[in-house]
Amino acid sequence: MHTAATVAECLRQAQSRALARMDAQILLLHSLQRPLHDRAWLLAHDHEALTPAQEAAWQAALQRRVQGEPVAYITGRKDFFGLTLAVDARVLDPRPDTETLVDWALECLPECMTERGPQRILDLGTGSGAVALALQHARPQAQVWAVDASEDALTVARANAVHLNLAVQFIASNWLSAVDVQRTGRFDLIVSNPPYVAEGDPHLAALTHEPRQALTSGADGLEDIRQIIAQAPKHLTPGGWLLLEHGWDQAAPVQTLLRQAGFVQVQSRRDLGGIERCTGAVMPE
Ligand code: GLN
């Protein structure tokens, strides 16, 4: 007779298949239909036996993770900046690194209104909506717009906005091409976590489950950033900020692109791993 697997046995099985401990814990909680933050529960329930349905769910989740699928796609959700987002293979899995971009954006946005009224913010390439929703949540008075070229991504982002009850306005657009300045006005802040991995980058081998168009950007990974920097000035208010996330070795070229486009106060910020991950600048008055 098959004896039911216990919590401790499942975690050992995951370890033997080289899963990170945190990934294994989250996937096991998911399989047990428990809250994903409740890792303390696992520690206290080493000997708890799984039901056959829970064990089947666990084996399926383990298999998917072993094949490289992000944990967030398996559980269908990801915590980002204190919000729980629904995510799946239609959108990039939001990274903790991107919280650096949100932190910086909030520094650029005082909690009060501008003399012209509520602050106007635009997130380019919103994916799951992570950045736009985090900003709208932190600055409820602000008017936040978010664009994506992918209708699939917009479907995911809109559902997250509805679920979180956040009033972000979505536009289908390839960067700023379909953003009508007459309708939205100029923005106090434009933020983006665009695709920035170079085609042919060996890291892509580990990222096969995420949408390619959310990851790669031409031979040097800067193609989309060049387009955004070229298009942004027409949509920024004087004194407005443009903040861009980019790859570990792209701070210097992105700074150069911003200076060449006439931006001032060009600067970069480090992520939690100490890597210069975001570069931004101000539209001159
Ligand atoms: N930071 C991601 C990675 O290299 C890429 C995300 C992006 O291109 N915006 O894994």
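Refer to the structure printed above.
This one's a predicted model, so the numbers in the text were calculated from it and none came from an experiment. (Residues numbered from 1 in each chain as written. Predicted model: local features only at pLDDT ≥ 70, side-chain atom pairs only at ≥ 80, totals over all residues. Heavy atoms only, no water.)

Asker: Could you give an account of the nonpolar core, with specific residues and numbers?
Answerer: By size, the foremost hydrophobic cluster in this structure holds 38 residues, and its most contacted members are Leu-135, Leu-189 and Leu-243. Apart from the residues within four sequence positions on either side, Leu-189 is in contact with Ala-105, Leu-109, Arg-120, Ile-121, Leu-122, Leu-236, Trp-241 and Leu-243. Grouped together as the second largest cluster of nonpolar side chains are 30 residues, Leu-176, Val-197, Ile-229 and Met-283 included. (Core = buried A, V, L, I, M, F, W, Y, C linked by side-chain atoms within 4.5 Å. Buried < 20%, exposed > 50% of the residue type's maximum accessible area, 1.4 Å probe, protein only. Contact = heavy atoms within 4.5 Å.)

Asker: Run through the sheet that holds strand 6 (residues 187-192), naming residues and quoting values.
Answerer: Read across the sheet, seven strands follow the order 5-4-3-6-7-9-8 without closing on themselves; strand pairing throughout is mixed. If you trace the sheet from one side to the other, it starts and ends with strand 5 (169-172) and strand 8 (264-270), each paired once. When strand polarity is set aside, the average angle formed by the axes of neighbouring strands in this sheet is 20°. Relative to strand 5, strand 4 (residues 143-148) runs parallel, the two being bridged by four bridges. Bridging from a neighbouring strand, Ala-146 pairs with Phe-170 of strand 5. Packed onto the sheet, helix 6 (residues 99-108) meets strand 6, strand 7 (236-245), strand 8 and strand 9 (276-282) and runs at close to 165° relative to strand 7. Sheet contacts for helix 8 (residues 151-164): strand 4 and strand 5; angle to strand 5, the most-contacted strand, approximately 175°. (Pairing = 2+ DSSP bridges. Helix = DSSP H or I, 4+ residues; strand = E, 2+ residues; numbered from the N terminus. Axes fitted to C-alpha atoms, helices over the stretch in contact; angles between N-to-C directions.)

Asker: Can you lay out the side chain of Arg-139 for me, pointing to particular residues and giving the numbers?
Answerer: Take Arg-139: it is sitting in the loop between helix 7 (130-138) and strand 4. The exposure class of Arg-139 is buried, given its relative accessible area of 11%. Engagement of the side chain of Arg-139 in a polar contact is seen with the backbone oxygen of Leu-106, the distance being 3.2 Å. Apart from the residues lying within four places of it in its own chain, the contact partners of Arg-139 are Leu-106, Leu-109, Pro-110, Glu-111 and Gln-119. (Polar contact = N/O pair within 3.5 Å; in protein donor to acceptor, adjacent residues only side chain to side chain.)

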